[in-house]
Amino acid sequence: MKLVLLEWARFVNRCIWSWQGVAEIWRTEASFRTWVLINLISAIFAVMVDLTGAERALILSLGVLILAMELMNSAIERAIDYISEDIHPLAKAAKDAGSAAVAVTAVAGGIAWLVILIG
């Protein structure tokens, strides 16, 4: 029983730390807030349009993945800025790759919407 309680406490702590990360990015990153708004609109649209459960799940899941990528991009940017704020080609490449990951995920969401709507 003690082991179960310890694992539960660890789980609760991980949840708290995760939401602290989301809250920090929400406060400091306009792009994250923009993606949240876009995903809210997409989710509302996904509920209003006649979609199958699988189509709706795909759209909603891709929206969450876009947010996850934006969180990862913000983590990359912060880690690089912590190491050095000097302009360096490798730092730029890492930041650009993080941004590209967000863009590629967003393109996947857009493609899913197009394929579903076109049929």
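Look up a bit, the structure's there.
Please read all numbers here as calculations on a predicted model, not as lab measurements. (Residues numbered from 1 in each chain as written. Predicted model: local features only at pLDDT ≥ 70, side-chain atom pairs only at ≥ 80, totals over all residues. Heavy atoms only, no water.)

## Focus: the overall build of the chain
Heads up, the condition is: Strands are runs of DSSP state E lasting at least 2 residues, helices are runs of H or I lasting at least 4, and numbering of each runs from the N terminus. Between the two quantities, the radius of gyration covers C-alpha atoms and the globule rule is 2.2 Å times the number of residues to the power 0.38. Relative accessible area decides the class of each residue, using a 1.4 Å probe on protein chains only: under 20% of the type maximum gives buried, over 50% gives exposed, and in between gives partly exposed. The contact definition used throughout considers only heavy atoms, calling two residues in contact when any of these lie within 4.5 Å. Per-residue and other accessible areas were derived by the Shrake-Rupley procedure at a 1.4 Å probe size, with only the shown protein chains allowed to occlude residues. For the purpose of counting charges, residues Lys and Arg are taken to be positive, whereas Asp and Glu are taken to be negative. His and the chain ends are not included. Where a charge sits is defined by one atom per residue type, namely NZ (Lys), CZ (Arg), CG (Asp) or CD (Glu).
The number of helices and strands found in the chain is 4 helices and 0 strands. Helices and strands appear in the chain in the N-to-C order α-α-α-α. Against the globule reference of 14 Å for 119 residues, the chain gives a C-alpha radius of gyration of 18 Å, more extended than a compact globule. Each of the three principal axes of the chain carries a C-alpha extent, and together these read 55 × 45 × 20 Å. Here the chain holds 119 residues, and 23% of them are scored as buried. The contacts in the chain between residues at least 6 apart in sequence include a share of 71% that link residues at least 24 apart. Working note: accessible area of the chain is about 8400 Å², and carbon and sulfur atoms make up 74% of it. Across the chain, the centroid of the 9 positively charged side chains sits 9 Å from that of the 11 negatively charged ones.

## Focus on the packing of helix α2 (residues 30-48) against helix α4 (residues 89-118)
To be explicit about the condition: Here, axes are lines fitted to C-alpha atoms. For helices the fit covers the stretch in contact, and angles between N-to-C directions go from 0 to 180 degrees. Angles are sorted into four bins: roughly parallel if under 35 degrees, roughly antiparallel if over 145, roughly perpendicular if 65 to 115, and oblique for all others. Helix crossings are classified by the rotation of the near helix relative to the far one: an anticlockwise turn of less than a right angle makes the crossing left-handed, while a clockwise turn makes it right-handed. Lys, Arg, Asp and Glu make up the charged group, whereas Ala, Val, Leu, Ile, Met, Phe, Trp, Tyr, Cys and Pro make up the nonpolar group; the residues left over, Gly among them, are polar.
At a minimum axis separation of 13 Å, α2 and α4 run at an interaxial angle of 15 degrees. Considered as vectors, α2 and α4 are oriented roughly parallel to each other. Crossing handedness for the pair α2 and α4: left-handed. Across from W35, S42, F45 and A46 in α2, the residues of α4 making contact are V102, A106, W113 and L117. A breakdown of the residues in the contact of α2 with α4 according to their chemical character gives 7 nonpolar, 1 polar and no charged.

## A closer look at the pattern of salt bridges
Here is the rule we go by: Only one rule defines a salt bridge in this text: a Lys or Arg side-chain nitrogen within 4 Å of an Asp or Glu carboxyl oxygen.
Under the criterion given, the structure shown has 6 salt bridges. If you follow the salt bridges from partner to partner, you end up with E24, R27, E29 and R78 in one network.

## Comments concerning the packing of aromatic side chains
To keep it simple, the criterion reads: Two aromatic rings from Phe, Tyr or Trp, using only the six-membered ring of Trp, form a pair when their centres are within 6.5 Å; if the ring planes differ by under 30 degrees the pair is stacked, by over 60 it is edge-to-face, and anything between is tilted.
Applying the stated criterion across every chain, the model contains 3 aromatic pairs. Relative to F11, the ring of W8 has its centre 5.4 Å away and its plane inclined at 35 degrees; by these criteria the two rings are tilted. You can see W8 and its partner F11 sitting in helix α1 (residues 2-28), 3 residues apart, about one turn around the helix. Aromatic pair W26 and F32: ring centres 6.5 Å apart, planes at 90 degrees, arrangement edge-to-face. A relative accessible area of 40% places W26 in the partly exposed class. Under the relative-accessibility criterion, F32 is labelled buried at 5%.

## As for the side chain of S42
Tracing the chain through its elements places S42 in helix α2. Note on S42: relative accessible area 15%, which makes it buried.

## Some points on helix α3 (residues 53-83)
Heads up, the rule is: Multiply 1.5 Å by the residue count of a helix minus one, and that product is the helix's expected span.
The terminal C-alpha atoms of α3 lie 45 Å apart, and with 31 residues this matches the ideal 45 Å at 1.5 Å per residue to within 8%. All of the buried residues in α3 are I59, L62, G63, I66, L67, E70, N73, S74 and I80.

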